[in-house]
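# Reading the structure
Chain residues, written in single-letter form:
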Number of protein chains: 2
Amino acid sequence: MQLSEWLTGQADDSLHTIREFKRGDRIYSTGDTPEYLYLVSSGLVGLTILSPAGAEHLLRLFGRGSYFGHRSFLAQETYHADAIALEPTRIYCVPGEFVRSALKNDFQLTSDLLQQLARDLGRAERQRVDWLEADVNSRVAQALIYLKERYGQHRWTRAEIASFCGSTVSTVIKTLARFEDQGWISQQGREIIVRDRHALLALSAEDS
Amino acid sequence: MQLSEWLTGQADDSLHTIREFKRGDRIYSTGDTPEYLYLVSSGLVGLTILSPAGAEHLLRLFGRGSYFGHRSFLAQETYHADAIALEPTRIYCVPGEFVRSALKNDFQLTSDLLQQLARDLGRAERQRVDWLEADVNSRVAQALIYLKERYGQHRWTRAEIASFCGSTVSTVIKTLARFEDQGWISQQGREIIVRDRHALLALSAEDS
DNA sequence: CGTTAGTTTGAGGCAGATCAACTTTGGTGG
DNA sequence: CCACCAAAGTTGATCTGCCTCAAACTAACG
């Protein structure tokens with residue numbers, strides 16, 4: 001059994017609290033002590049970290065059925081990022097102690113979690129290296145495809161895209177304009193439509 | 001009990017192979033399938049990932065008593081990086097299956113590993129954000145202090161420092177020259193001596 | 001003492017950040 | 001339903017940190 005399934009079960013059994021958030025609301029803040037694991041019932045949650053210079057960076061996203069808050073809980077550290085609702089969101093809060101004892105008694109659950117963390121770590125490390133050399137074109141292209149395909153229901157702002165791919169609003173806008181000139185995408189007001197997914201992905205590959 | 005202790009025990013019990021490497025030797029390569037966990041008996045091992053453009057990036061380091069190879073093993077993925085001996089190195093290789101069954105029977109061991117991975121993930125994510133804005137000065141300063149204090153016995157080359165802090169050999173050398181002008185460090189041939197640790201650390205803090 | 005690995009320096013260029021002024025969008029309440 | 005206003009988007013000018021490249025020098029090791 002996977003942890004998300006188990007958490008869903010807990011939610012059904014009412015061993016939980018339900019909380020509602022609207023866009024921009026904060027679920028927890030950097031430095032808080034973890035007490036719960038969170039399971040998204042509906043909506044969208046973003047994990048944002050504040051850089052020394054004050055810019056917000058979007059680290060990870062959690063949609064319906066995803067759980068979060070586990071990293072800090074397992075590390076026994078305080079949160080290293082803020083969890084913010086990007087849309088009106090409904091969340092199950094499962095007390096950490098329930099989770100801990102479940103892990104103790106169910107190796108399958110633990111094993112699943114180990115695998116999850118190990119994969120996340122791999123992704124994070126590879127991404128750090130990729131980003132160091134990838135230009136803004138490929139970072140924006142990748143971000144665009146990921147955000148639109150994985151969380152297509154959300155109306156992504158230029159600011160959110162910028163904070164996800166580690167750039168600035170101005171630069172993202174200029175990049176999108178360039179993409180539109182090429183016919184890779186089209187923009188109608190705030191809406192962005194991907195026209196040529198293949199061409200966008202090619203940007204990441206063609207590293208001279 | 002921590003995993004490193006357990007692995008040490010396994011080493012003593014001879015449930016292992018011992019292998020020796022000299023500087024530059026490869027312990028495993030990106031894409032290989034994990035079969036062992038590795039425990040460093042002596043020497044120094046670096047995990048390096050090859051960027052799309054062909055530059056080597058030093059991700060993590062493992063000295064005497066540290067284990068590595070666990071991330072890919074737990075993720076059930078092939079290796080995402082190369083493990084290279086940075087000095088003459090002696091390593092215990094413990095078959096992965098031994099480890100897996102030990103984890104199954106010892107929750108304490110597993111719990112320790114979960115915590116380790118969760119902390120590494122936090123570090124990796126925070127570092128990605130920090131690096132996006134930190135200039136070369138602060139990156140080199142941080143790298144210098146970490147490498148010298150944590151692995152002081154190793155003669156670090158400019159290339160190793162560059163690959164650890166995501167820069168180039170030329171830039172690292174110019175930065176070190178600047179530091180020397182300021183009196184933060186002094187250089188004698190290839191040797192670097194930190195003179196003012198405090199001033200170097202201040203570079204990371206003073207983000208305008 | 002030759003050869004390789006490591007270090008140094010300078011010139012030149014460019015991607016992308018910054019800043020500031022401006023326009024558009026779309027939701028809200030009157 | 002319209003007017004308004006805050007939030008979101010757009011554009012151009014400017015600036016600079018760091019990479020690139022190339023050529024020479026120096027240390028270390030067999």
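In this numbering scheme, every chain counts its residues from 1 along its sequence in written order. Chains carry letters from A onward and ligands carry numbers from 1 onward, assigned in written order. Selection of residues for local features in this predicted model requires a pLDDT of at least 70, selection of side-chain atom pairs for listing and counting requires 80 or more, and totals for whole chains, interfaces and linings are taken over all residues. To get the side-chain values, take all heavy atoms of the structure and skip hydrogens and water.

### Focus on the interface of chain B and chain A
- Contact with chain B, which involves 41 residues of that partner, is made by 41 residues of chain A.
- Buried area between chain B and chain A, both sides added, is near 4,200 Å², and the carbon and sulfur share of it is 66%.
- Within this document, salt bridges are pairs made up of a side-chain nitrogen of Lys or Arg and a carboxyl oxygen of Asp or Glu, the two lying within 4 Å of each other. The tally of links between chain B and chain A comes to four salt bridges.
- Definition of a polar contact: a pair of N or O atoms within 3.5 Å, with one able to donate and the other able to accept a hydrogen when the atoms are protein atoms, and with sequence-neighbouring residues admitted only if both atoms are side-chain atoms. On inspection of chain B and its partner chain A, the count reaches 16 residue pairs in polar contact (both at pLDDT 80 or more).
- In this text, helices come from DSSP runs of H or I with a minimum length of four residues, and strands from runs of E with a minimum of two, each type numbered from the N-terminal end. Where the side of chain B that touches chain A is concerned, the elements lending two or more residues are β5 (56-63), α2 (70-75), α3 (96-105) and α4 (107-133) of chain B.
- The residue classification treats Ala, Val, Leu, Ile, Met, Phe, Trp, Tyr, Cys and Pro as nonpolar and Asp, Glu, Lys and Arg as charged. All others, Gly included, are polar. Residue classes in the side of chain B that touches chain A are distributed as 19 nonpolar, nine polar and 13 charged. Throughout, a contact is declared for two residues whenever any of their heavy atoms are within 4.5 Å. In short, buried area is how much 1.4 Å probe accessible area vanishes from two parts on joining, totalled over both.

### Observations concerning the domain arrangement of chain A
Residue and element names in this part refer to chain A.
- An automatic or database domain assignment provides the domain bounds reported here. Splitting chain A by domain gives domain 1 (3-129) and domain 2 (136-205).
- The centre of domain 1, based on its C-alpha atoms, is set 26 Å off from the matching centre of domain 2.
- Taken together, domain 1 and domain 2 are joined by one salt bridge.
- Counting the contacts that link domain 1 with domain 2 gives five residue pairs in polar contact (both at pLDDT 80 or more).
- Ranked by the residues each element gives to the side of domain 1 that touches domain 2, the list is headed by strand β5 (residues 56-63), at seven residues.
- In terms of residue class, the side of domain 1 that touches domain 2 is made up of six nonpolar, two polar and three charged.

### A look at the sheet that holds strand β7 (residues 82-85) of chain A
Residue and element names in this part refer to chain A.
- Any two strands with at least two DSSP-identified bridges between them are counted as paired. The strand order across the open sheet formed by four strands is β2-β7-β4-β5, and the pairing between neighbours is antiparallel. Single-partner strands in this sheet number two, and they are β2 (26-28) and β5. Averaged over all adjacent pairs, the angle separating strand axes in this sheet is 30 degrees, with direction ignored.
- Pairing of strand β4 (residues 44-50) with β7, which is carried by four bridges, proceeds in the antiparallel orientation. Across the sheet, residue Leu47 finds its bridge partner in β7, namely Ala83. Here an axis means a line fitted to C-alpha atoms, over the contact stretch when the element is a helix, while the angle between two N-to-C directions is reported on a 0 to 180 degree scale.

### Considering the nonpolar core
- Core analysis: the largest hydrophobic core is formed by 42 residues, its most contacted members being Leu3 and Leu7 of chain A together with Leu3 and Leu7 of chain B.
- Beyond its immediate stretch of four places on either side in the chain, Leu3 of chain B contacts Leu37, Tyr67, Leu109, Asp112 and Leu113 of chain B. Nonpolar cores are built from buried Ala, Val, Leu, Ile, Met, Phe, Trp, Tyr and Cys residues. Side-chain atoms within 4.5 Å join them into one set. Here's how the labels work: a residue is buried when its accessible area is under 20% of the maximum for its type, exposed when over 50%, partly exposed in between, all with a 1.4 Å probe on protein chains only.

### Some remarks on the protein's contact with DNA strand D
- If even one non-hydrogen atom of a residue comes within 4 Å of a molecule or strand, that residue is called near it. Near DNA strand D, the surroundings consist of 20 residues, among which Arg158 and Ile173 of chain A together with Asp135, Val136 and Thr171 of chain B are the closest.
- The share of sugar and phosphate among atoms of DNA strand D within 4 Å of the protein is 65%.
- Thr171 of chain B is positioned such that a nitrogen or oxygen atom in its side chain is 2.5 Å from a phosphate oxygen of DNA strand D.
- Among the elements of the structure, α6 (158-165) and α7 (169-182) of chain A together with α7 (169-182) of chain B are those that each provide at least two residues to the surface near DNA strand D.
- A per-class count over the surface near DNA strand D returns four nonpolar, eight polar and eight charged.

### Digging into the protein's contact with DNA strand C
- As a structural note, the neighbourhood of DNA strand C is formed by 18 residues, with Asp135, Val136 and Thr171 of chain A together with Arg158 and Ile173 of chain B the closest of them.
- Protein-proximal atoms of DNA strand C, defined as those within 4 Å of the protein, fall in sugar or phosphate at a share of 63%.
- Between a base nitrogen of DNA strand C and a side-chain N or O atom of Ser170 of chain A, the distance comes to 3.3 Å.
- Interatomic distance of 3.4 Å between a side-chain N/O atom of Lys174 of chain A and a base oxygen of DNA strand C.
- Here the element with the most residues in the surface near DNA strand C is α7 of chain B; it accounts for four residues.
- Looking at the surface near DNA strand C residue by residue, the classes come out as four nonpolar, seven polar and seven charged.

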